[in-house]
Amino acid sequence: MREFAVNAYQGVKKTIKYYTDKRFSTIAGTLVYFFLMSITPFLLWLTLVFGNVDVSRFLNHRLLEGASPVLRYLKSSAEAAAGNSDGTARFGDIAFNGAGIVFLATSLYSSSNFFYHLRRSGEIVYESQSLKGGIKLRLLSVALIGAALLMIALVAGISVVGTTFMEMLLPAEISDAISLVFITALMFGTAVVMNIFACPQKIGLFDAACGSLLTTALWLVAGTGFGIYMGFASPEKLYGKIASLIVFLLWCYVMMCCFVIGMINNRRHICNRPVLSEALYGKGQKNKELSSRKLFKDYFTAIKFKRL
């Protein structure tokens, strides 16, 4: 029994050290920063293109309880920025004047920052020598923003129709179970897309599934934990009026840590496959690791001199 406990302790310690050495918390903090820069212009574009998309069913779910107040505020701000008090955007009114074109271009550029730096962070995690050019990567990020807009509108439509039918035909317990399965599948799909985009080498669904499953499991645990925390805690007593913002930032950071841990786990899985490993690090250099410190230095130096 003692030997089992010692081995378990050593295993946990080794696992924590592995992820800590990969600087998962630093990468997660960087991605949270660019996520915060991107979320408001993204919601603006969502409102401009599709109008007032009904995402209340997702924001009301207990897994998003820690983030829903701020997300609701950001969504209402995006609707106000679109220029209509009723939340219905007039895209043409903004697009066909000089100032509007600049406004749309800069907001689209800002909304792509998260995906752009997600790929740059992936190059650090995978310690790859294959780096994609800045302009090409920016265009890919913008394309992914367009795909995300379409997907959110589609998922919102399915949610509205599905919820209406379930409320009419099914008991509340079964309806909640189906909703949880749907949201879990959506989370897994999101993790897969993010893992595929972050990897410097082209990978398939199977290669991205390992880390994505871990990320999804961690997201479910973290989301449930936040729901329990919000049910018993009173952050307003400590933080006052900015309590919702503090909780939202903490929620974003925890969720991003879960994703980065999954991405690091995905890297370990890919490095055990000779074909992908040689594609990432070069022929004859299977599992060869570059200096993480040098990669971080090059990355932040590039940001400093605005080469990214």
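Definitions and limits used
Residues numbered from 1 in each chain as written. Predicted model: local features only at pLDDT ≥ 70, side-chain atom pairs only at ≥ 80, totals over all residues. Heavy atoms only, no water. Phe/Tyr/Trp six-rings, centres within 6.5 Å; stacked < 30°, edge-to-face > 60°. Helix = DSSP H or I, 4+ residues; strand = E, 2+ residues; numbered from the N terminus. Buried < 20%, exposed > 50% of the residue type's maximum accessible area, 1.4 Å probe, protein only. Lys NZ or Arg CZ within 6 Å of the ring centre and 35° of its normal. Salt bridge = Lys/Arg side-chain N within 4 Å of Asp/Glu carboxyl O. Axes fitted to C-alpha atoms, helices over the stretch in contact; angles between N-to-C directions. Parallel < 35°, antiparallel > 145°, perpendicular 65-115°, else oblique. Contact = heavy atoms within 4.5 Å. Core = buried A, V, L, I, M, F, W, Y, C linked by side-chain atoms within 4.5 Å.

Some remarks on the packing of aromatic side chains
The relative placement of two aromatic rings is captured by the distance of their centres and the angle of their planes.
Reasoning step 1: Counted according to the given criterion, the structure contains 5 aromatic pairs.
Reasoning step 2: Look at F35 and F114: their rings are 5.8 Å apart centre to centre, the planes differ by 75°, and that puts the pair in the edge-to-face class. One end of the pair, F35, is in helix α2 (residues 24-50); the other, F114, is in helix α7 (residues 113-125), with 79 residues separating them in the sequence.
Reasoning step 3: The buried category is assigned to F114, whose relative accessible area is 8%.
Reasoning step 4: In this structure, R138 packs its charged tip against the face of Y109, placed 4.1 Å from the ring centre.
Reasoning step 5: Above the plane of the ring of Y116 lies R138, whose end atom (NZ or CZ) is 4.1 Å from the centre.

Brief notes about the pattern of salt bridges
Reasoning step 1: Considering all chains together, one arrives at 2 salt bridges under this definition.
Reasoning step 2: Note that E123 is salt-bridged to R119, the shortest N-O span being 3.9 Å. Of this pair, E123 and R119 are both found in helix α7, 4 residues apart, which corresponds to roughly one turn of the helix.
Reasoning step 3: Owing to a relative accessible area of 6%, E123 belongs among the buried residues under this scheme.
Reasoning step 4: Judged by relative accessible area, R119 falls into the buried class, the value being 6%.
Reasoning step 5: Where R120 meets E123, a salt bridge forms, and the shortest distance between an N and an O atom there is 3.2 Å. Of the two residues, R120 and E123 both sit in helix α7, 3 residues apart, roughly one turn of that helix. Neither residue differs from the other here; R120 and E123 are each classed as buried.

Description of the packing of helix α8 (residues 134-169) against helix α9 (residues 172-198)
Reasoning step 1: It is at 12 Å that the axes of α8 and α9 come closest, and there the two elements cross at 170°. Classified by the angle between their axes, α8 and α9 sit roughly antiparallel to one another. Here L137, L140, S141, L144, V155, I158 and M166 of α8 come into contact with α9, specifically with S175, I178, S179, F182, L186, V193 and F197.

What to know about the nonpolar core
Side chains that are nonpolar tend, in soluble globular proteins, to be buried together.
Reasoning step 1: In this structure, L118 and V260 are the most contacted members of the largest nonpolar core, which totals 57 residues.
Reasoning step 2: Of all the secondary structure elements, the ones that give two or more residues to this core are α1 (2-21), α2, α4 (68-81), α7, α8, α9, α10 (205-232) and α12 (243-271).
Reasoning step 3: Top contributing element to this core by residue count: α12, with 14 residues.
Reasoning step 4: Ignoring anything within four residues of it in the chain, the contact list for L118 reads L31, M194, F197, A198 and F259.

Concerning the side chain of T216
Reasoning step 1: With respect to the element layout, T216 can be found in helix α10.
Reasoning step 2: When near neighbours in sequence (up to four residues on either side) are disregarded, T216 contacts T184, M187, F188 and A191.

Let's talk about the environment of I183
Reasoning step 1: Take I183: it is sitting in helix α9.
Reasoning step 2: Taking the C-alpha atoms as reference points, I183 and S159, 24 residues apart in sequence, are found 10.0 Å from one another.

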